Amino acid sequence: MSKVTSMPDAVRELVRDGDTVAIEGFTHLISFAAGHEIIRQGRRDLTLCRLTPDLIYDQMVAAGCARRLVFSWLGNPGVGSLHAVRRRVEGREGDPLELEEYSHFGMVCRYVAGASRLPFFPLRSYEGSDLPKVNPRIVPIESPYDPGERLYAVPPLNPDVVVVHAQRADAEGNAQIWGLLGVQREAAFAGERVLVVCEELVEPEVIRADPNRTVIPGLIVDAVVVAPRGCHPSFAQGYYDRDNRFYREWDAISRDPERLEAWLDEWVRGVSSHEEYAEKLGEERWAELAPGEAWSGRVNYGSYE
Amino acid sequence: MSKVTSMPDAVRELVRDGDTVAIEGFTHLISFAAGHEIIRQGRRDLTLCRLTPDLIYDQMVAAGCARRLVFSWLGNPGVGSLHAVRRRVEGREGDPLELEEYSHFGMVCRYVAGASRLPFFPLRSYEGSDLPKVNPRIVPIESPYDPGERLYAVPPLNPDVVVVHAQRADAEGNAQIWGLLGVQREAAFAGERVLVVCEELVEPEVIRADPNRTVIPGLIVDAVVVAPRGCHPSFAQGYYDRDNRFYREWDAISRDPERLEAWLDEWVRGVSSHEEYAEKLGEERWAELAPGEAWSGRVNYGSYE
Amino acid sequence: MTGWTPTEMMVVASARQLAGERVCFVGVGPPNIACNLARRTVSPGLQLVYEAGVFGARPARLPLSIGDPSLATGSDAIHGMFELFAFYLQGGLVDVGFLGASQIDRHGNINTTVIGEYGAPKVRLPGSGGACEIAINARKVFVITSQSRRSFVERVDFTTSPGHLAGRRPEGWIGAGPTVVVTDLGVHGFDASGEMELRSLHPGVPLDRVRAETGWELRVSEDLSETPPPTGEELRLIREELDPEGVATR
Amino acid sequence: MTGWTPTEMMVVASARQLAGERVCFVGVGPPNIACNLARRTVSPGLQLVYEAGVFGARPARLPLSIGDPSLATGSDAIHGMFELFAFYLQGGLVDVGFLGASQIDRHGNINTTVIGEYGAPKVRLPGSGGACEIAINARKVFVITSQSRRSFVERVDFTTSPGHLAGRRPEGWIGAGPTVVVTDLGVHGFDASGEMELRSLHPGVPLDRVRAETGWELRVSEDLSETPPPTGEELRLIREELDPEGVATR
């Protein structure tokens, strides 16, 4: 049964006001297409989870979608700050934004615990850090084999909705990813509802020809949206480059609330879809972002009859 | 720096009497070549770890290499019993064999804990089972968030030596596997010393053309041995089939201590290497075990300069 | 095609129990044939998960072992065993897990570890494998085993995989425990107290025989029925497609 | 090629500290350039691990972000972030982890979270990222930061990543904590009590200036030396190969 649908329908179906939402992807494969549609549909009071909120959450916070952020690194990677978020956090604009803060490994372990239905996950971090003081969900735990040995534990994270972009998927939602994997698999398994967005919809035979490359099984996927170029300014390995120029430009845009608002009006609210957004960027920009070729080899799985 | 060496040298270097050894591979990629060389070199008092001891440990136990088994399923997959092991366990032959018994998931979690330097790993199993009564290392643990919520914990497993077979590796030990992955990665990261055995030694460029397929990084590998057909009667996906006929034949061989001894004399002690063992099997047998072709596609990682 | 083996009846009865189920954790032998038979009959959408790490397997032949290469080629996804056990099974995605049993008691507690004392066994059996966590984490457990006084016992020598624990399952378990026990003689369920109860007799099997082959006073359902015999199509699928060599069914 | 920027001196001094090290957990910016410079000079065998999940990265260009696509193409291995943090970092495979710092105190405690109060920050900084677990699990921690009274403080406003915790590290930690702090003014180490100590001054930097830019009474090593200036080759590598656009070093 095909789960392929449009982004507007997928967001209408899966994302509700007040939901806990994770649009994951560590620098790679961040679905800006889904984030922008959530802005267009005016979702409110969302708890937004990501290791690195990145520009997508700076935009969603500026657009008024978010009540709370769950994260581990709150910046513009390689550039500096997320100014819209900072204004809210530093009390310079709007209502204060609730923050629930971990380290990268803490967030990763939260997704693994959520995916594994574990009530906690132990890790060697936080000792001597002030993070547990400001986040009571990070608690000490002892080894049952040696009460003297102290570690810390983090609680499971099971978002209401998880959105992951993949290079390709079939209509059932079996999704394949190469390049940086981030926490796409763990987040997807931890989600109550899962939206897979892909560069290319492929026949099941393409997936089944290389099952080791499948990161997310269709079993846990609720909807599949085909959104080529849907990660810009993030990237899809082998399809288009990260638009570092835009990441730099965003610094100036997001410093100025009026410019930011104008940008949202022009590039998000002013377009009907991410396809339109991608067109608006222009083929020249896409040509700059086109990578050269670097093909993997093939392997033989063998037929056994 | 190349880590490529011969099987005799690798075993001489890495495996010592009394060591805890794991020759892993869940049905797939079991290095019989390494096991047979350990028998030829007459190692003693080994603690042998595997989820499924399989024929290789039945043979090593019969050859007198083992003092203790750490495992989760003690049988001849799809056929029946491991008779040499049973004779020892049921007190019908030789010294009693020490058993340390878990479930599959318990063993998997032990390797993950060992690889992650965690003093314990929590899982939802064992409640209501008698396994914790006969294995005091399986202990109850409470969630730090809800003392009422009881799980069980298993301790880390860090073998002195881990042997994993892979389809291909480069001279540094970067190893790629497709088909069933079992616990090859987790076991390798948990090992103090790691021996990678491969069907094919390839140029680093082959590995680097598809880094997502690398299961074991050279960083943790001490030695690389090239042993084509080194898994027989186990298999290497895409290279040769599992020799189910031999698995069935083993039942009769291992039932009879004298036949078993004769088999070891002929097929292990009587040959100088696994190459000789493979030759002795004959090309007809290998032709029966040759799979048809089922090639994966290629993916583009893209060049970014 | 007339007549059938007890194992064929057992496989057919098990397959029918899979009607309406979505995700099944498969073992080798009869369960594997039952699941693949169900996919071709009562449950076309049934998705198979193999403990070796495979989701959506499409084996081109009957796998002898749980790790046959034919499970990998052409499957939807292959994961490491950690992901398989942690994310699929413990994660609660498995609707039905199949277990075999060397001994089973009236509460569905299963022994696959030892006959006799653990420290000095008469017979050393394979042990748990994934059975213990399947019994606890699969939403339902189906048991397939042959029925005799040796296997249906008052007390199991060792509890490898917990059943209804005398009617009590700990809080927070998502698993309902064993719900169906299919044997060569009939199909059993469990009553509200978690005690096994005979629900149907396979064709030609007298009730007395089932009682005689059960090591305790077996409860019998008030609406005891006869298991519908295998259809020609079910037998054809088993004999021609799923187990042509009769490895697991004859 | 004459003259160099303070950042170039900082990068060169950091790279030299990597002599003899085997595995380095790399961040973006100066640490990335320092590691790649070390690979071309003092430590050809140095292996780079990136938190995004990459082992043996061979970036064809200077990555702006820690997740640049050039890190993936042509690398030895790509893992999920769980494997990277659990097996590599927590597993004890990382010899040196690089950290930046908005504030650092005499014991190497690092703040990258907030200036001011956490609940009502003057400046909200990015936070930990992987820094907290790097500080605890990397066998050694190298800190790269510019030195001023704003960054070298008596007390950090928030401890994001623990240093020597006033000289005491808990039992069983494999990490030695911060061992080197390289700034634009000089190179610091830590004495037996875990207190920072100035070990060398960069060329042309007077001791008074370092004291003036440090928010506490800075200890100075008895054998204080001058950092050897960048060689022409080191500068050539940085300017022509590693950071031709001067993104991170000018």
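As the structure is a prediction and not an experimental result, all values here were calculated from the model.

What counts as what
- Residues numbered from 1 in each chain as written.
- Chains lettered and ligands numbered in written order.
- Predicted model: local features only at pLDDT ≥ 70, side-chain atom pairs only at ≥ 80, totals over all residues.
- Heavy atoms only, no water.
- Helix = DSSP H or I, 4+ residues; strand = E, 2+ residues; numbered from the N terminus.
- Rg over C-alpha atoms; globule rule 2.2 N^0.38 Å.
- Buried < 20%, exposed > 50% of the residue type's maximum accessible area, 1.4 Å probe, protein only.
- Core = buried A, V, L, I, M, F, W, Y, C linked by side-chain atoms within 4.5 Å.
- Contact = heavy atoms within 4.5 Å.
- Pairing = 2+ DSSP bridges.
- Axes fitted to C-alpha atoms, helices over the stretch in contact; angles between N-to-C directions.
- Salt bridge = Lys/Arg side-chain N within 4 Å of Asp/Glu carboxyl O.
- Least-squares fit on C-alpha atoms with pLDDT ≥ 70 in both.
- Parallel < 35°, antiparallel > 145°, perpendicular 65-115°, else oblique.
- Nonpolar A, V, L, I, M, F, W, Y, C, P; charged D, E, K, R; others polar.
- Phe/Tyr/Trp six-rings, centres within 6.5 Å; stacked < 30°, edge-to-face > 60°.
- Polar contact = N/O pair within 3.5 Å; in protein donor to acceptor, adjacent residues only side chain to side chain.
- Disulfide = S-S within 2.5 Å.

J.: Would you mind going over the overall build of chain C with me for this structure?
T.: If you tally the helices and strands in chain C, you get seven helices and 14 strands. For chain C, whose C-alpha radius of gyration is 17 Å, the value lies close to the compact-globule estimate of 18 Å for 250 residues. Taking the principal axes of the C-alpha coordinates as reference, chain C spans close to 50 × 45 × 35 Å. For chain C, buried positions account for 66% of its 250 residues.

J.: So what exactly am I meant to see when it comes to the nonpolar core here?
T.: A:Met60, A:Tyr111, B:Met60 and B:Tyr111 are the most contacted members of the largest nonpolar core, which has 364 residues in total. With sequence-adjacent residues up to four places away left out, B:Met60 is seen in contact with B:Ile23, B:Gly35, B:Ile38, B:Ile39, B:Leu46, B:Leu48, B:Cys65 and B:Ala66. Counting residues in hydrophobic clusters, the runner-up holds six residues, among them A:Ala294, B:Val299, B:Tyr301 and D:Ile78.

J.: Just to check I follow, could you spell out the sheet that holds strand β6 (residues 121-123) of chain B for this structure?
T.: Pairing between sheet strands relies on hydrogen bonds along the backbone, with the strands arranged either parallel or antiparallel. Residue and element names in this part refer to chain B. Strand order in this open sheet of three strands is β6-β8-β7, and the pairing throughout is antiparallel. Bordering the open sheet on either side are β6 and β7 (139-143), each of which pairs with just one other strand. Between one strand axis and the next, the sheet turns by 55° as a mean value, whatever way the strands run. Sheet topology note: the β6/strand β8 (residues 146-154) ladder contains three bridges and is antiparallel. Residue pairing for β8: Pro122 is matched across the bridge by Ala153.

J.: Honestly, the sheet that holds strand β8 (residues 146-154) of chain A in this entry has me stumped. Any pointers?
T.: Residue and element names in this part refer to chain A. Reading across from one edge, β6-β8-β7 is the order of the three strands in this open sheet, with antiparallel pairing throughout. Bordering the open sheet on either side are β6 (121-123) and β7 (139-143), each of which pairs with just one other strand. Within the sheet, the average angular offset between the axes of one strand and its neighbour, ignoring direction, is 55°. Against the sheet, helix α5 (residues 104-116) touches β6 and β8, its axis set at about 155° to β6.

J.: What am I meant to see in the pairing of strand β11 (residues 178-182) of chain D here?
T.: The two faces of the sheet receive side chains in turn, since in a regular strand these alternate between them. In terms of burial, β11(D) is a largely internal element, four of the five residues being buried. What sits between β11(D) and strand β12 (residues 186-190) of chain D in their antiparallel hairpin is a turn of three residues.

J.: What exactly am I supposed to notice about the pattern of salt bridges here?
T.: Any two side chains of opposite charge can pair if their charged atoms end up close together. Taken as a whole and judged by the stated rule, the model has 88 salt bridges over all chains. Between A:Glu249 and A:Arg285 there is a salt bridge, with the nearest N and O atoms lying 3.8 Å from each other. Highlighted residues: A:Glu249 in helix α9 (residues 244-255) and A:Arg285 in helix α12 (residues 283-288), separated in sequence by 36 residues. We note a salt bridge from B:Glu149 to B:Arg124, for which the minimum N-O separation is 2.9 Å. Residue B:Glu149 is found in strand β8, and its partner B:Arg124 is found in the loop between β6 and α6 (131-134); the two are separated by 25 residues along the sequence. For B:Glu149, a relative accessible area of 23% corresponds to the partly exposed category. Each of the salt bridges in this network shares a partner with another, and the network as a whole consists of A:Arg67, A:Arg68, A:Glu98, A:Glu100, A:Arg110 and A:Arg137.

J.: In this structure, what is going on with the relation of the copies chain B and chain A? I would like to understand it.
T.: One copy of the chain maps onto the other through a rotation about an axis plus a displacement along that axis. With an RMSD of 0.0 Å, the operation that places chain B on chain A is a rotation of 180° combined with a shift of 0.0 Å along the axis. The two molecules are tied by a two-fold rotation axis, judged by turn and shift. When each C-alpha of chain B is compared by its distance to the rotation axis, B:Arg298 comes out closest, at 2.7 Å. Here 100% of the interface residues in chain B have copies in chain A that are interface residues too; the copies meet face to matching face.

J.: What am I meant to see in the environment of D:Leu125 here?
T.: All names here are of chain D. Here Leu125 is to be found in the loop between β9 (121-124) and α5 (131-137). When the C-alpha atoms of Leu125 and Thr112 are compared, they prove to be 5.8 Å apart, with 13 residues separating the residues in sequence. Leave out the neighbours within four places in its chain, and Leu125 touches Ser102, Asn111, Thr112, Thr113, Val114 and Ile115.

J.: Explain the packing of α5(A) against helix α4 (residues 81-89) of chain C to me, please; I cannot follow it from the model alone.
T.: A pair of packed helices is characterised by two quantities: the angle between their axes and the separation of those axes. Between α5(A) and α4(C), the least distance of the axes is 7 Å, while the angle of their chain directions is 65°. For the element pair α5(A) / α4(C), the angle class is roughly perpendicular. The residues of α4(C) that touch α5(A), namely those facing A:Val112, A:Ala115 and A:Ser116, are C:Phe82, C:Ala86 and C:Phe87. Per-class residue counts for the contact of α5(A) with α4(C) are five nonpolar, one polar and no charged.

J.: Is there a simple way to explain the packing of aromatic side chains in this structure?
T.: Within a pair of aromatic rings, the relevant descriptors are the distance that separates the centres and the angle that separates the planes. Summed over the entire model, instances satisfying the criterion amount to 36 aromatic pairs over all chains. Taking 5.1 Å as the distance between ring centres and 40° as the angle between the ring planes, the aromatic pair formed by B:Phe189 and D:Phe87 counts as tilted. Highlighted residues: B:Phe189 in helix α7 (residues 184-190) and D:Phe87 in helix α4 (residues 81-89), drawn from two different chains. Relative accessible area serves as the criterion here: at 2%, D:Phe87 is assigned to the buried category. Seen in terms of ring centroids, C:Phe152 and C:Trp216 are 5.8 Å apart; in terms of plane orientation they differ by 10°. Their pairing is stacked. Of this pair, C:Phe152 sits in the loop between β10 (140-144) and β11 (178-182) while C:Trp216 is found in the loop between α6 (207-212) and β14 (219-226), placing the two residues 64 residues apart along the sequence.

J.: Explain the interface of chain B and chain A to me, please; I cannot follow it from the model alone.
T.: Reports of interface size often rely on the accessible area that becomes lost once the parts have come together. Listed per partner, the contact involves 49 residues of chain B and 49 residues of chain A. Taken together, chain B and chain A are joined by two salt bridges. Between B:Arg213 and A:Asp210 there is a salt bridge whose closest N-O contact spans 2.8 Å. Scanning the region where chain B abuts chain A turns up 28 residue pairs in polar contact (both at pLDDT 80 or more). When residues of the side of chain B that touches chain A are assigned to their parent elements, the largest contribution, five residues, is made by β7(B). Across the side of chain B that touches chain A, the residue classes break down as 27 nonpolar, eleven polar and eleven charged.

J.: Please clarify how the state of the cysteines should be interpreted in this entry.
T.: By definition, a disulfide links the sulfur atoms of two cysteines through a covalent bond. All names here are of chain A. Per the stated rule, a full pass over the model turns up zero disulfides over all chains. You can see Cys198 has no disulfide; the closest cysteine sulfur is in Cys231, sitting 10 Å from it. Owing to a relative accessible area of 0%, Cys198 belongs among the buried residues under this scheme.

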